[in-house]
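For reference, the chains in residue letters:
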Amino acid sequence: MSSDITASAAWQALQTNHRTVAPLHLRQLFAEDPARGRELTVQVADLHIDYSKHRVTRETLRLLVDLARAAGVPQRRDEMYSGKHINTSEDRAVGHIALRLPVGEQLDIDGTDADAAVHDVLRRMGEFADSVRSGAWRGATGERITTVVNIGIGGSDLGPDMVYRALRHYADPEIEARFVSNVDPADLVSKLAGLDPARTLFIVASKTFSTLETLTNATAARRWLVAALGEDAVAKHFVAVSTNAERVAAFGIDTAHMFGFWDWVGGRYSVDSAIGLSVMVTIGKERFGEFLSGMHAVDRHFASEPLESNGPVLLAMLGVWYSNFFGAESRVVLPYSNDMARFPAYLQQLTMESNGKSVRADGTPVTSSTGEIFWGEPGTNGQHAFYQLLHQGTRLIPADFVGFARSTDDLPTRDGTGSMQDILMSNLLAQTKVLAFGKTAEEIAAEGTDPKLVPHKVMPGNRPSTTIMAPELTPSTMGQLIALYEHQVFVEGIIWGIDSFDQWGVELGKQQALALMPLLSGSENPESVGDSSTDALIEWYRARRR
Ligand code: F6P
């Protein structure tokens, strides 16, 4: 029986503290502690993180760190760094930190040199990426490859797709990457539109190589290629990324063209494994190396920094503070970077597949809510869509703002006196300020506002946010941001006592879809599938399907 963290003295101390802090306004917290804007910040590698606009006092922060200690965060973290099987329900180590170890740093996982295995695969990936980029690798008809199509889903898609888009500036303009994930044929068909099979390389990315969507899309893509170039062309146009060589071979991809990884890399933690091959092909192995170094810099910080100044720990504990003490339902992630448009979607899998659990690692029910819901869109677009609710709605939604000092594509403003990046960043700062401090009825009335309108214009403020600033969106800072969130998710999972590295909840739906397929196509006709709603929907569908 794992201990119930909500029964701990540390949790109860936070409950008491919450009663004092919840009624306080951020205006008051800043007035009483003017240094907090400069002091409640933390540097994590190149990331400057301001967490002063949170509804905490310094005492709250101390108590949150006490809770982290009481839950055993340092021990669990060290267990991860020593290759222990902390994914208990699957009896696996959790080794994504090994994927970004520099040469010379060692990590033993399950009695093997994980670092050596990682560097071996990275070397092979690098050789392959070089050969595609240089044109040494040619398609079956001797053409250069100009498009790589990654076929994968979940962790085998979201990470590479998000990073490729974010690092647009670093990609070879001669090689485009496209990402196919959905089993809706619209995805594959639209992504193949306009492509020349002779110049297209497919990367079939699947940890298990058994995922229905991926195998279905890969089979359809293979047919498309074979129809144009013949069966013999497959070897030059299909490579695989997987942990399962047997299934790769059974699919018809030569395992000499397979890039492996290991069961100790969770799908949602795998963008820095061979799953990142499409990214490496487009940005090159050196830039991919910088991406890994960025992640490693944050891993070092997480491993060694005292909890009081440990960025991932502090942000995770603030997540716990709002989820469990304020009852917040979600956290909004707002990258002020158009190129990071897929970052919130990427983080959704990371946090929700990791921490959406109702039982603790030992199978006993949790006694607090778990699993933050992440959502978001890039700024400034979101400002013209859903920020109204953030500012004046009834829900408390803590926000993470992510911004950069320099834009990779700066353009002048209309009058030429400033840069569009300044407009973007002034919006970020304005939003964090308005969320925190708002505008009172008195201030609004003092402007001569029609009294009937005053209540509509009141900006309550007291809405918390974290501001994460980086000098520029580079491979390194992209890696740093990912690792920052990976470790937050882990720390939250430790607090809740859950296994953040399994995902049993996705299995039943997969099984039932397989069972329903022959009913939809009409090849099986049982009287009932066991519930009248699904029976009626099947009937409706079958009456209309093509
Ligand atoms: O369905 C969930 C999941 O198992 C994810 O955890 C994973 O990222 C995704 O499916 C894809 O799995 P695979 O890489 O094995 O195809």
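All values reported here derive from a predicted model rather than from experimental measurement.

Participant: Is there a simple way to explain the UniProt feature "active site" (unreviewed entry) in the chain in this structure?
Facilitator: Annotation from UniProt places "active site" (unreviewed entry) at Glu-353, His-384 and Lys-510. A maximum C-alpha distance of 37.3 Å among these annotated residues, which run over 158 residues, shows that they spread across the structure rather than meeting at one spot. Filtering the just-named annotated residues for those lining the largest pocket gives Glu-353 and Lys-510. Mapped onto the elements of the fold, Glu-353 is located in helix 15 (residues 343-355).

Participant: Even after reading the chapter, I still don't get the sheet that holds strand 9 (residues 258-260), so can you show me in this structure?
Facilitator: By way of backbone hydrogen bonds, the strands of a sheet pair with one another, either parallel or antiparallel. Read from one edge of the open sheet, five strands run 6-5-7-8-9, paired in parallel fashion. Of all the strands in the sheet, the pair left with one neighbour each is strand 6 (176-180) and strand 9. Going from strand to strand, the sheet's axes swing by 20° on average, the running direction of each strand aside. In terms of strand pairing, strand 5 (residues 147-151) meets strand 6 through five bridges, oriented parallel. Following the sheet pairing, Val-149 is matched in strand 6 by Arg-178.

Participant: What is the right way to look at the sheet that holds strand 2 (residues 47-50) in this model?
Facilitator: Ordered by their spatial adjacency, six strands build an open sheet running 1-2-13-12-10-11, and the pairing between neighbours is mixed. Only two strands of the sheet have a single partner each, and these edge strands are strand 1 (41-44) and strand 11 (373-375). Within the sheet, the average angular offset between the axes of one strand and its neighbour, ignoring direction, is 20°. Of the pairings in the sheet, the one linking strand 10 (residues 330-335) to strand 12 (residues 399-406) comprises four bridges and is parallel in character. For Pro-335, the partnering residue across the bridge sits in strand 12 and is Val-402. Taken strand by strand, helix 15 contacts strand 10 and strand 11, and its axis lies near 170° from that of strand 11. Lying on the sheet, helix 17 (residues 420-437) is in contact with strand 12 and strand 13 (465-472); it crosses strand 12 at an angle near 150°.

Participant: I keep staring at the site of the ligand and nothing clicks. Help me out?
Facilitator: Neighbouring the ligand are 14 residues; Ser-156, Ser-206, Thr-208, Thr-211 and Glu-353 lie closest to it. One of the backbone nitrogen or oxygen atoms of Gly-155 is found 2.8 Å away from an oxygen atom of the ligand. With respect to the ligand, the side chain of Thr-211 contributes an N or O atom lying 2.5 Å from an oxygen atom. Protein coverage of the free-state accessible area of the ligand, which is 390 Å², stands at 88%. More than half of the atoms of the ligand fall within 2 Å of the grid points belonging to the largest pocket.

Participant: Looking at this model, I keep getting lost on the domain arrangement of the chain. Mind explaining?
Facilitator: Examined at the domain level, the chain breaks down into domain 1 (7-90 + 301-496), domain 2 (96-288) and domain 3 (507-545). For domain 1 versus domain 2, the distance between C-alpha centres works out to 33 Å. Contacts between the two partners involve 28 residues from domain 1, matched on the other side by 24 residues from domain 2. Roughly 2300 Å² of surface becomes buried between domain 1 and domain 2 when both sides are summed, with 59% attributable to carbon and sulfur atoms. In this structure, the salt-bridge partner of Glu-353 is Arg-268, at a minimum N-O distance of 2.9 Å. Linking domain 1 with domain 2 are twelve residue pairs in polar contact (both at pLDDT 80 or more). For the side of domain 1 that touches domain 2, the secondary-structure elements that each account for two or more residues are helix 5 (73-81), helix 15 and helix 20 (475-496). For the side of domain 1 that touches domain 2, the per-class residue count stands at 13 nonpolar, eight polar and seven charged.

Participant: What's the story with unusual backbone geometry in this structure? I'm lost.
Facilitator: One can expect most non-glycine residues to show negative phi and most peptide bonds to be in trans. At the junction of Gly-379 and Thr-380, the peptide bond is cis and its omega measures out at 10° in the coordinates. Looking at the secondary structure, you find Thr-380 in the loop between strand 11 and helix 16 (387-392).

Participant: Would you mind going over the layout of surface pockets with me for this structure?
Facilitator: Using a probe with the size of a water molecule, rolled over the atoms, empty space left in the structure can be pinpointed. Considering only enclosed or pocket space, the largest pocket measures out at about 1100 Å³ in volume. In terms of lining residues, the largest pocket is bounded by 39 residues, among which Thr-208, Thr-211, Val-506, Glu-507 and Lys-510 are the most central. Among the elements of the structure, helix 9 (212-229), helix 15 and helix 21 (507-521) are those that each provide at least two residues to the lining of the largest pocket. In terms of residues, the lining of the largest pocket owes the most to one element, helix 21, which gives five residues. Of the residues contributing to the lining of the largest pocket, the split by class is 14 nonpolar, 16 polar and nine charged. Put simply, the second largest pocket is a space of about 460 Å³. The wall of the second largest pocket is formed by 20 residues, among which Ser-337, Asn-338, Ser-407, Gln-421 and Leu-424 lie closest to the centre. Of all the secondary-structure elements, those providing two or more residues to the lining of the second largest pocket are strand 12 and helix 17. In terms of residues, the lining of the second largest pocket owes the most to one element, helix 17, which gives four residues.

Reading the values: the criteria
- Residues numbered from 1 in each chain as written.
- Predicted model: local features only at pLDDT ≥ 70, side-chain atom pairs only at ≥ 80, totals over all residues.
- Heavy atoms only, no water.
- UniProt positions renumbered as here; feature names shortened; annotations may be inferred.
- 1 Å grid on protein atoms, 1.4 Å probe; cavity = no way out; pocket = protein on both sides within 12 Å on 5 of 7 lines; lining within 4 Å.
- Helix = DSSP H or I, 4+ residues; strand = E, 2+ residues; numbered from the N terminus.
- Pairing = 2+ DSSP bridges.
- Axes fitted to C-alpha atoms, helices over the stretch in contact; angles between N-to-C directions.
- Contact = heavy atoms within 4.5 Å.
- Near = heavy atom within 4 Å.
- Polar contact = N/O pair within 3.5 Å; in protein donor to acceptor, adjacent residues only side chain to side chain.
- Areas by Shrake-Rupley, 256 points an atom, 1.4 Å probe, with all protein chains shown as cover.
- Sits in = over half its atoms within 2 Å of the grid points.
- Domains from an automatic or database assignment.
- Buried area = accessible area lost by both parts, 1.4 Å probe.
- Salt bridge = Lys/Arg side-chain N within 4 Å of Asp/Glu carboxyl O.
- Nonpolar A, V, L, I, M, F, W, Y, C, P; charged D, E, K, R; others polar.
- Points joined across faces, edges and corners; volume = space filled by probe spheres on them.

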